[in-house]
Every structure is written in structure tokens, then in C-alpha cells.
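# Residue-level structure breakdown
What follows is the residue order along each chain.
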Amino acid sequence: MEYQFKTLIVGGGPSGTSCGISLLNLGHDCCIVDRHTFPRVKLCAGLFTGKSQECLRSVLGDVAYAEIIRKSLMSRESEFSLWKGKTSLVTCDLMDDACIPKSLRSTDCRIMLVDRPVLDESLIRHFMSLGGVVIEGNAVMDVDFGSKVVRLSSGDTVRYDNIVAADGALSLVERKLCAFDKSFVGKGKSSLCLEVNVDRKDLDVNGVNIYFDVVRGSYAWAFSKGEKVCVGLVKLPWERDVDIKDVMRHFCDDIGLKNQDKYKVHGAMLPFGNLMVTPAWRDSVYFVGDAAGLVEPLTGEGIYYALQSGKYAAESIVGGGTDVYINKVSYLHSLIKKGRFYQSLLEMSLPSRFFFRHAPRNKHFISYFYLTQIEHACLDPFWKIIMRYKRQK
């Protein structure tokens, strides 16, 4: 069987569905193909920041947004804690007016955590309810960029005018394009993420916890999500001599996880600040979300970048093409480069010692930094962040 669509989206995660829903809202026909059927297992701590909420609401509208969040929300957490190994550095209360910017004091500043499999399925079903076509359980096997034809594992083919690669860190579309056009530059190596969701009765952890000095150059986490706790860590690609499974076991022991053997640890690749410099090709191929390397290196946040890049791709397909898309995505690149700068400081001996010494004495500033830089994506330089914080006090 042969299909034909103006735009084919490969991957039905948040970046793919954000693009698809936005295209349908703009009157443009499209199809999403995904090798999985929904719901599917998806590794993700589920951090859903204020900027993610704003972006998704702009894509869905108020009514659909409220319904999808109702289904997928697991918890809202006001405690945000930083650790140096087993030692607690600071615990911040994100509902404390002393650390909330004046512009945000009328909003709920608690950290929202969502269930990714539920969120992804809800978005794909909403796309279908708008008339979008979804081909589930059917992997893309080959892409002919010259003829603009995709061959699926079922033997079916799809002809397209535009193709959106929303197929993750190990994007098949990227690999095929690099083979087709040797001048196209893809992403570098991705990082390995390990994650497990455990019962609250086996690990009594409150709030959102970030642990430094667990794995070199990176961090680990434990997020309280209702009756579950999400535990994970990331190993950077150049740390070749690290036994990541052993590190994960020791980390779970250190934070007091009981009955560790009954839980299966899952792994996935994460483009940890590994940007695709030019996330488009000619005027027909667009890379979004993880496929474009759009993940915040300081926190590992990816949902916002997935949603926003998907929306940008749809707007560019309908009005302007790849040049417009590259220009729009430059804003996301700026956010990620800023995060990479802060991450690099934490990898250096002197800045990290300074941070670990002063963070416990400045918990209100840590909260303020989190709310402005992570939740609401401020691009101000560090000195301006400090001055605004001082003026607020």
C-alpha cells in the first residue's frame, strides 16, 4: 500500500505530536509513523516546566491542555534539593515568597512531574481526534531523499513533500541522511541514561532531588511522583571507563532503596547537550526534539525542547521553510549553550568548590535561579540574574 502526505512525521513523542497537531491547526495534512504502539514504555523523569506548560497550552488550547494534564500529572513538588554525594547541600521551598520572582508570585511555582507514557498516548490520541493519521507499530526501514519516499517495515511506502525527524537520539532519518549526503553534519555521540521507577514504600524520598559527585561530570536524580519515585543517572560519552550499572547499584544503595533486585533498570540514549548545528536539510527535512540534540545539558530537560521545536517545524513548513526553522531554533540553541556553560563550570575544580561552599548559604538564590533559568527560560547573563535577585530582596 502507498500513502501520500504533505508532511510525514517519524516518531510519535512530544516533538512529533506537537508538530502534527500544529500542522493540522494550520490546515496542513500530515501523518505520524511510529515503530511502537501506544501506550509505550518511555524513559523520562517527567519534569514538566513552566515553559513546557506554556508551549503545550499554545499548541492544544486551554480545554485539551487541561484534560491531557489531568490524565498525565503525577505530582506537584515544592521541595527542590541539591546533594553532594550523600551530603545534603540545600533544600529549597519553591513556594517561599523570598525566592519567587515578583512576576511569578500569583502562579503555582511547584515543580510539575508527569507520566510520560500517559502524556505521549494522550497527545497521539488528540492528534488522531483532529483527523491526523497515525501508523503505529510500523518502523521506518529506509528513506529515499531523492524521490521523497519512505519504506516501512510492513512493506508499505509513504510519499511526502516534507519529512520531520522526531525519532529520538539514535535517529534513523539522521543516519540515512548522513549516508545520502556526506556533507550533512549530524550530532556527535549521545550519553547513556539509566532509570528505574520504584514504589514509594521501598524508597521514601520527598520532592525533586539532584545528586552531584555520583557519576563524573554528570548527576543523578530521585524524583518523587505520587506513589512512585523515579531514580536515574546519566553517563557522558567520553567517560569510557565508568561501569554505569555498578554506579547505579551503589547510588540506589546510598539513597536507601529497598528490594533493589525486584526492579528492572532501563537504559536509553540521551543527546546530552549534543546539538545538531544545522537541524534541517535543503527545504524538506526537519529535525526536532532529541533527534536534533535538543536537550538541556544542565538538567537533562527535553520535553520543552521537543514541544517547542515541533511547533517551530510546523510553522516553518507552512510559512517559510528550513531557513525560517533554523532561525527559530536558534533561540533553543541559545538556551542549551547557556546550560552547557553552567554545566562546564560545575565540571571545573575551582568553580565547583565555590558552588558547593556557597549553595547551602544561599538557598533562596538557588530557588530563584531554578525558577528563572529552568522553569521560565531566562537568557540573561549571570550578573544580571544576581542584580535582579538583589533588587527583588
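Please refer to the structure higher up on the page.
Residues numbered from 1 in each chain as written. Predicted model: local features only at pLDDT ≥ 70, side-chain atom pairs only at ≥ 80, totals over all residues. Heavy atoms only, no water.

## Focus on unusual backbone geometry
Quick note on the threshold: Secondary structure elements follow DSSP: runs of H or I no shorter than four residues count as helices, runs of E no shorter than two count as strands, and numbering proceeds from the N terminus.
In the segment running from Phe-38 into Pro-39, the intervening peptide bond is cis, with an omega of 0°. Secondary-structure assignment places Pro-39 in the loop between strand E2 (30-33) and strand E3 (47-48). The backbone of Asn-259 shows a phi angle near 55°, a positive value even though the residue is not glycine. Unusually for a residue other than glycine, Arg-282 sits at a positive phi of about 50°. Note that Arg-282 resides in the loop between strand E17 (280-281) and strand E18 (285-287).

## Comments concerning the pairing of strand E9 (residues 140-144)
Formally: Two strands are counted as paired when DSSP detects at least two bridges linking them.
Relative to strand E10 (residues 149-152), E9 is paired through four bridges, and the arrangement is antiparallel. Opposite Asp-144, over in E10, you have Val-149 as the bridge partner.

## Concerning the environment of Leu-89
Along the chain, Leu-89 turns up in strand E6 (residues 87-93). Taking the C-alpha atoms as reference points, Leu-89 and Gly-61, separated by 28 residues in sequence, lie 40 Å from one another.

## Notes on the sheet that holds E3
The strands making up a sheet are joined through hydrogen bonds of the backbone, oriented either antiparallel or parallel. Read across the sheet, three strands follow the order E3-E7-E4 without closing on themselves; strand pairing throughout is antiparallel. Lying at the two open borders of the sheet, with one neighbouring strand each, are E3 and strand E4 (73-77).

## Overview of the nonpolar core
Selection rule: In plain words, nonpolar cores are sets of buried Ala, Val, Leu, Ile, Met, Phe, Trp, Tyr and Cys residues tied together by side-chain atoms within 4.5 Å. For every residue, the accessible area (1.4 Å probe, protein chains only) is compared with the maximum for its type, and the residue is labelled buried under 20%, exposed over 50%, or partly exposed between those bounds. In what follows, residue pairs with any heavy atoms lying within 4.5 Å of each other are defined as contacts.
Within the largest apolar cluster, 71 residues are counted, with the highest numbers of intra-cluster contacts made by Leu-8, Phe-48, Leu-56, Leu-60, Ile-163 and Phe-287. The element that contributes the greatest number of residues to this core is helix H7 (residues 303-318), accounting for eight residues. Setting aside anything within four residues of it in sequence, one finds Ile-163 in contact with Leu-8, Val-10, Val-143, Val-150, Val-173, Ser-284, Val-285 and Tyr-286. In this structure, Leu-47, Val-90, Ile-210 and Leu-371 belong to the second largest nonpolar core, which totals 32 residues.

## What about the sheet that holds strand E13 (residues 208-212)?
Operational definition: Helix axes use the C-alpha atoms of the stretch in contact, all axes being lines fitted to C-alpha atoms, and the angles between their N-to-C directions lie in the range 0 to 180 degrees.
With mixed pairing, seven strands are arranged side by side in an open sheet as E6-E5-E13-E14-E15-E12-E16. Both outer strands of the open sheet, E6 and strand E16 (266-270), are each paired with one neighbouring strand and no more. Within this sheet the neighbouring strands show an average axis-to-axis angle of 20°, counted without direction. Two strands pair when backbone bridges link them, and E13 and strand E14 (residues 220-225) are joined in this way by four bridges, in the antiparallel orientation. Counterpart to Ile-210 in the pairing with E14 is Trp-221. Most of the contacts of helix H10 (residues 363-375) go to E6, to which it runs at about 65°, and overall it touches strand E5 (79-84) and E6.

## Focus on the environment of Tyr-370
To be explicit about the condition: Nitrogen and oxygen atoms within 3.5 Å of one another constitute a polar contact, given that in protein one can donate a hydrogen and the other can accept it, and given that sequence-neighbouring residues count only through two side-chain atoms.
The residue Tyr-370 is located in helix H10 in this model. With a relative accessible area of 6%, Tyr-370 lands in the buried category. Among the polar contacts listed, one links the side chain of Tyr-370 to the side chain of Glu-375, at a separation of 2.9 Å.

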